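Chain and residue survey
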Amino acid sequence: MNDIEQKKENVKMHLKDLRQNLKNMHLEVTEELILPKPDDVKKLINKMDELLKLIESK
């Protein structure tokens, strides 16, 4: 697997993880009426920042 393919796979993996986390958070808010903990939101923001760095890296 070359470098570009590896980056694509890493991005896909990060996106799937973020998507699942956001779906869970959404369900908690909409169905259980539970607001997310600030730390959980910060973790997701950090994951998104990591993904951006990965995408922007050459």
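1. A short note on unusual backbone geometry
Backbone geometry places Leu33, a non-glycine residue, at a positive phi of 55 degrees. Note on Leu33: relative accessible area 71%, which makes it exposed.

2. A word on the nonpolar core
Of all hydrophobic cores here, the largest spans five residues; its members are Val11, Leu18, Met25, Leu44 and Leu51. Contributions of two or more residues to this core are made by α1 (3-30) and α2 (38-56). Broken down by element, the residue count for this core peaks at three residues, all from α1. Residues in contact with Val11, not counting those within four places in the same chain, are Leu51, Leu54 and Ile55.

3. With respect to the packing of α1 against α2
The geometry of α1 relative to α2 is characterised by a closest axis approach of 10 Å and an angle of 160 degrees between their N-to-C directions. Relative to α2, the element α1 is oriented roughly antiparallel. Handedness of the crossing formed by α1 with α2: left-handed. Contacts between α1 and α2 involve Lys7, Asn10, Val11, His14, Leu15, Asp17, Leu18, Asn21, Leu22 and Met25 from the former and Asp40, Val41, Leu44, Lys47, Met48, Glu50, Leu51, Leu54 and Ile55 from the latter. Tallied by class, the residues present in the contact of α1 with α2 amount to eleven nonpolar, three polar and five charged.

4. Considering the pattern of salt bridges
A full pass over the atoms with the stated rule returns two salt bridges. Here Glu9 and Lys12 are joined by a salt bridge, their closest N and O atoms 3.7 Å apart. Separated by three residues within a single helix, Glu9 and Lys12 lie in helix α1, roughly one turn from each other. Residue Glu9 is classed as partly exposed on the basis of its relative accessible area, which comes to 38%. Among the ionic pairs, Asp17 bridges to Lys47, the shortest N-O distance being 2.9 Å. Placement of Asp17 in helix α1 and of Lys47 in helix α2 is noted, with a sequence separation of 30 residues between them. Look at Asp17 and you get partly exposed, because its relative accessible area is 34%.

Rules behind the numbers
Residues numbered from 1 in each chain as written. Predicted model: local features only at pLDDT ≥ 70, side-chain atom pairs only at ≥ 80, totals over all residues. Heavy atoms only, no water. Buried < 20%, exposed > 50% of the residue type's maximum accessible area, 1.4 Å probe, protein only. Core = buried A, V, L, I, M, F, W, Y, C linked by side-chain atoms within 4.5 Å. Helix = DSSP H or I, 4+ residues; strand = E, 2+ residues; numbered from the N terminus. Contact = heavy atoms within 4.5 Å. Axes fitted to C-alpha atoms, helices over the stretch in contact; angles between N-to-C directions. Parallel < 35°, antiparallel > 145°, perpendicular 65-115°, else oblique. Left-handed = near helix turned anticlockwise from the far one by under 90°. Nonpolar A, V, L, I, M, F, W, Y, C, P; charged D, E, K, R; others polar. Salt bridge = Lys/Arg side-chain N within 4 Å of Asp/Glu carboxyl O.

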